[in-house]
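Given next are the chains, with one letter for each unit.
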Amino acid sequence: MNLIPLSALLAFFCSFALCKPVQVATRNNEMDSDTTLHEGDIVLRRKRSAINCDSSCFWPKSHDGLVNVPVNVSTEFSVEERTWIVEAMQEFTTLTCVQFINRTTETNYISIVPGESCWSHFGKIGGMQRVGLMKTGCMSKGAIQHEMNHALGFLHEQARSDRDNYVKIMWQYIMAGEQGNFGKVNSNNLGLPYDYSSVMHYGLYDFSNTSGKATIVPIPDPSVPIGQREGLSNLDVAKINKLYSCNCCSNVLHKPTDTFSSVNHPSSYPDNSNCLWLIRIPQHQVTFVTCGSTLTGTSGVITSPNYPNRYPKNQVCFWIVSAPADLKISLTMVSFELEEGDECKYDYLLIHDGSRPTSPAVGPYCGTMKIADFTSSENFVLVEFHSDFAWVFPGFMLNYTFVMPS
């Protein structure tokens, strides 16, 4: 069987329900005149009297339970850079009810632009609000997610009200004039633990005035890693889901080996569960799976396992096609032959207009059905394929390409 390279895998479970910071050098066209900077990369309105984000700066929830945040990604970024940005936002979409969608005519939206540093407004401010990403220093997944978290209303982790129980600030090693980056606020901690592994946590040596001298030391164990930028931590995900009252149970699996199970296992799982597990490997490493992948190239091909030979029994496959935020995805079926069955209940194909198994879908398709060309409404498509324990057939091949909205 052909092996497909994949840098992140998703495991899905559904029951009944549908389931370093840096100093900011500002440009006049990037920030308004009535703003001030907080902790190096957070843009605050001067009229905001408190740093805490209340309901007025949360992004609103739709009737379907999703928090749709319109985004425009500047074309000043290259296609590759825009793909990195989309991949970083995809983790929010996968693990929380926050959905970064392509901005069309929405009045309140985020505009991601090249910046002279990394920076973001704090929470929803109304109208167009920019997020700045420096091309040479802010394009890692975690750095992008760090700034997007600010836009959702989250502060730096080490600024928490209870931080002195978990880290010691080494004031003597902080660069002159940068002590303000290590302040503490009367924060809403959502009843969740302190998170050394948050993408919102500073690193050991940020703003250090002496090589090799840490500005933040974890306590009681100074060897605990802090300041990772690989991607959202489990507590990052939990905080977003709690702040925005998401009906999600999501986890990131990042250890070399791990296990996961349905909610309450071995007891019965509850009704109306919608759980996802993201299996993440370190950057620059590749793992292999037999069925499924995340596709970010401008065009490509998706085929059933073993195509053009017959696909195996008992397969469940997910392909996520991820385009830059201002593009859509067009699918064209080239060849299609699955097992025939009433209501396509044996072997079948679904095409989701979105990135989740709960996104609206066309299908199911089976047998030798004619499948019309499909164009997504947003910048994600999920192709889902199932085969059962019995008959197998030649399968399918479809082409995809990124297209401009019509």
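Report on the accompanying structure. (Residues numbered from 1 in each chain as written. Predicted model: local features only at pLDDT ≥ 70, side-chain atom pairs only at ≥ 80, totals over all residues. Heavy atoms only, no water.)

### Structural notes on the side chain of Ser-355
Okay, so step 1: With respect to the helices and strands, the residue Ser-355 is situated in the loop between strand 19 (348–352) and strand 20 (361–365).
Okay, so step 2: On the basis of relative accessibility, which here comes to 4%, the residue Ser-355 falls in the buried class. (Helix = DSSP H or I, 4+ residues; strand = E, 2+ residues; numbered from the N terminus. Buried < 20%, exposed > 50% of the residue type's maximum accessible area, 1.4 Å probe, protein only.)

### Considerations on the state of the cysteines
Okay, so step 1: Considering all chains together, one arrives at five disulfides under this definition.
Okay, so step 2: Bridging Cys-118 to Cys-138, the disulfide has an S-S length of 1.9 Å. Residues Cys-118 and Cys-138 share a disulfide whose torsion about the S-S bond is about -100°; that sign makes it left-handed. With a gap of 20 residues between them, Cys-118 in the loop between strand 7 (109–114) and strand 8 (119–121) and Cys-138 in the loop between strand 9 (128–133) and helix 2 (141–152) connect regions that are remote in the sequence.
Okay, so step 3: The exposure class assigned to Cys-118 is buried, which follows from its relative accessible area of 6%.
Okay, so step 4: In this model Cys-291 forms its disulfide with Cys-317; the gap between the sulfur atoms is 1.5 Å. Taking the torsion about the S-S bond as the criterion, the Cys-291 to Cys-317 disulfide, at about 95°, is right-handed. (Disulfide = S-S within 2.5 Å.)

### Thoughts on the sheet that holds strand 23 (residues 395–403)
The strands making up a sheet are joined through hydrogen bonds of the backbone, oriented either antiparallel or parallel.
Okay, so step 1: An order of 16-23-18-21 is seen for the four strands of this open sheet, with the pairing classed as antiparallel. What marks the edges here is a single partner per strand, and that holds for strand 16 (299–303) and strand 21 (374–375).
Okay, so step 2: In the sheet, strand 18 (residues 328–337) pairs with strand 23 via nine bridges, with the strands oriented antiparallel. By the bridge assignment, Glu-337 is partnered in strand 23 with Gly-395. (Pairing = 2+ DSSP bridges.)

### Considerations on the sheet that holds strand 15 (residues 292–295)
Okay, so step 1: Taken together, the five strands give an open sheet; going across it, the order is 15-17-22-19-20, and neighbouring strands pair in mixed fashion. For this open sheet the edge positions go to strand 15 and strand 20, each flanked by a neighbour on one side alone. Adjacent strand axes in the sheet meet at a mean angle of 10°, parallel and antiparallel pairs treated alike.
Okay, so step 2: Two strands pair when backbone bridges link them, and strand 19 and strand 22 (residues 380–386) are joined in this way by five bridges, in the antiparallel orientation. What sits directly across from Leu-350, in strand 22, is Glu-384. (Axes fitted to C-alpha atoms, helices over the stretch in contact; angles between N-to-C directions.)

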